[in-house]
Amino acid sequence: MCIRDRSQYVSKYDRLSENLAVSSEFNLHFKDDIDLEMYYIAIGSKENSYLPEVMKMVEEAEDTLSKLQANAFNRESRKNIKHLEAYLENLANRMKQLTEIKSYGQRMTFMDNNIRILTSLIMEEMQNFIYNESMYLVHMESIMTKRVYILVSGIALLFFVTIVILLRRSFPVSYTHL
């Protein structure tokens, strides 16, 4: 294994690990935070003018997806990100629509049938992304382990051959002195 290959694997491994950390952190709070803030808007506890603050969470999520996309090697993971981008765009549209509804009952129904469903889909898709990245990480670990095994075996063989050569050369020298 040449140095360039090794550094490529280490770089991929590091980027996959970073993706897993970022996506896991995202998945911990996004749904609950959006659902709660939109619930406050739906019940009138917070004014509709508060929506831009909540929209910042969606924009931050989009930024997070851009970072994940930059580090995603797996085709399935990139597909998950495309779905997430579509869900986030749809969520932003539905959040705006919620603020336009005047009736409390209709807002609550809209909240349940749109916002909460979309945040659930986002969470589920992010879990799929985490799964796909984890499986690719396991694959990378397997490749790296095999390459390390080959390298260690090669070094052991080289060491054994060197010892054999040294021993063969040392015996004739020791017999000539007798």
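None of these values were measured; they are calculated from a predicted model.

> Just to check I follow, could you spell out the packing of aromatic side chains for this structure?
Note on aromatic pairs: each is described by the distance of the centres and the angle between the planes. One pass over the full model with this rule turns up three aromatic pairs. The interplanar angle of 20 degrees and the centroid separation of 4.8 Å between the aromatic rings of Phe-26 and Phe-30 together place this pair among those described as stacked. Note that Phe-26 and Phe-30 are positioned in helix H1 (residues 3-43) at a spacing of four residues, about one turn of the helix. No difference in accessibility class separates Phe-26 from Phe-30, as the two residues are buried. On the basis of an interplanar angle of 50 degrees and a centroid distance of 6.4 Å, the ring pair of Tyr-39 and Tyr-40 is categorised as tilted. A relative accessible area of 29% places Tyr-39 in the partly exposed class. Lys-12 extends its terminal NZ or CZ atom over the ring of Phe-73, reaching a point 5.3 Å from the ring centre.

> How should the layout of surface pockets be read in this particular structure?
One simple way to see leftover space: roll a probe sized like a water molecule over the atoms. Size it by volume and the largest pocket reaches roughly 190 Å³. What lines the largest pocket is simply Val-22, Glu-25, Phe-26, His-29, Phe-30, Asp-33, Met-57, Glu-60, Ala-61 and Thr-64. Taken together, the elements giving at least two residues each to the lining of the largest pocket come down to H1 and helix H2 (51-71). No other element matches H1, which puts six residues into the lining of the largest pocket. Within the lining of the largest pocket, the residues separate by chemical class into five nonpolar, two polar and three charged.

> Could you clarify how one ought to interpret a negative patch on the surface in this entry?
A surface patch of negative charge is lined by Glu-59, Glu-60, Glu-62, Asp-63 and Glu-89. The element that contributes the greatest number of residues to the negative patch is H2, accounting for four residues. Within the secondary structure, Glu-59 sits in helix H2. Its relative accessible area of 45% is what places Glu-59 among the partly exposed residues.

> I would appreciate a short explanation of H2 in the present structure.
Since the α-helix advances by 3.6 residues per turn, residues separated by three or four positions end up pointing in the same direction. Here H2 contains 21 residues, and its C-alpha end-to-end distance of 31 Å stays within 8% of the 30 Å for a straight helix at 1.5 Å per residue. Inspection of H2 places Leu-51, Val-54, Met-55, Val-58, Ala-61, Thr-64, Leu-65, Leu-68 and Asn-71 among the buried residues, and these make up the whole buried set.

> Would you explain the pattern of salt bridges in this entry?
As a working rule, side chains carrying opposite charge can pair if their charged atoms are close by. One pass over the full model with this rule turns up seven salt bridges. Between Glu-76 and Lys-79 there is a salt bridge; the shortest N-O distance is 3.7 Å. Pair noted here: Glu-76 and Lys-79 are both in helix H3 (residues 75-100), with a separation of three residues, about one helical turn. One salt-bridge network, held together by shared partners, links Arg-75, Glu-76 and Lys-79.

> What's the story with the environment of Asp-32 in this structure? I'm lost.
Within the element layout of this structure, Asp-32 appears in helix H1. In sequence terms Asp-32 and Ala-72 are 40 residues apart; their C-alpha atoms lie 26 Å from each other.

> How should I be thinking about H3 in this particular structure?
Helix length check: H3, at 26 residues, gives a terminal C-alpha distance of 39 Å against a target of 38 Å (1.5 Å per residue), a fit within 8%. Listing the buried residues of H3 in full gives Ser-77, Asn-80, Ile-81, Leu-84, Leu-88, Leu-91, Ala-92, Met-95, Leu-98 and Thr-99. The N-cap of H3, judged by a side-chain oxygen 2.8 Å from the amide nitrogen of Glu-76 a few residues on, is Asn-74.

> Got a minute to help me understand a nonpolar patch on the surface in this structure?
On the surface, Leu-157, Phe-160, Val-161, Val-164 and Ile-165 cluster together into a nonpolar patch covering about 440 Å² of accessible area. Tracing the backbone through its elements, the reader meets Phe-160 in helix H4 (residues 104-176). Taking relative accessible area as the criterion, Phe-160 reaches 53% and is therefore assigned exposed.

Calculation criteria
- Residues numbered from 1 in each chain as written.
- Predicted model: local features only at pLDDT ≥ 70, side-chain atom pairs only at ≥ 80, totals over all residues.
- Heavy atoms only, no water.
- Phe/Tyr/Trp six-rings, centres within 6.5 Å; stacked < 30°, edge-to-face > 60°.
- Helix = DSSP H or I, 4+ residues; strand = E, 2+ residues; numbered from the N terminus.
- Buried < 20%, exposed > 50% of the residue type's maximum accessible area, 1.4 Å probe, protein only.
- Lys NZ or Arg CZ within 6 Å of the ring centre and 35° of its normal.
- 1 Å grid on protein atoms, 1.4 Å probe; cavity = no way out; pocket = protein on both sides within 12 Å on 5 of 7 lines; lining within 4 Å.
- Points joined across faces, edges and corners; volume = space filled by probe spheres on them.
- Nonpolar A, V, L, I, M, F, W, Y, C, P; charged D, E, K, R; others polar.
- Patch = residues over 30% accessible without salt bridge, like charges linked within 9 Å, V, L, I, M, F, W, Y side chains within 5 Å.
- Areas by Shrake-Rupley, 256 points an atom, 1.4 Å probe, with all protein chains shown as cover.
- Salt bridge = Lys/Arg side-chain N within 4 Å of Asp/Glu carboxyl O.
- Lys, Arg positive; Asp, Glu negative; His and termini not counted.
- Charge placed at Lys NZ, Arg CZ, Asp CG, Glu CD.
- Expected span 1.5 Å × (residues − 1).
- Polar contact = N/O pair within 3.5 Å; in protein donor to acceptor, adjacent residues only side chain to side chain.

Take it as geometry only, folks, not as evidence of what the structure does.
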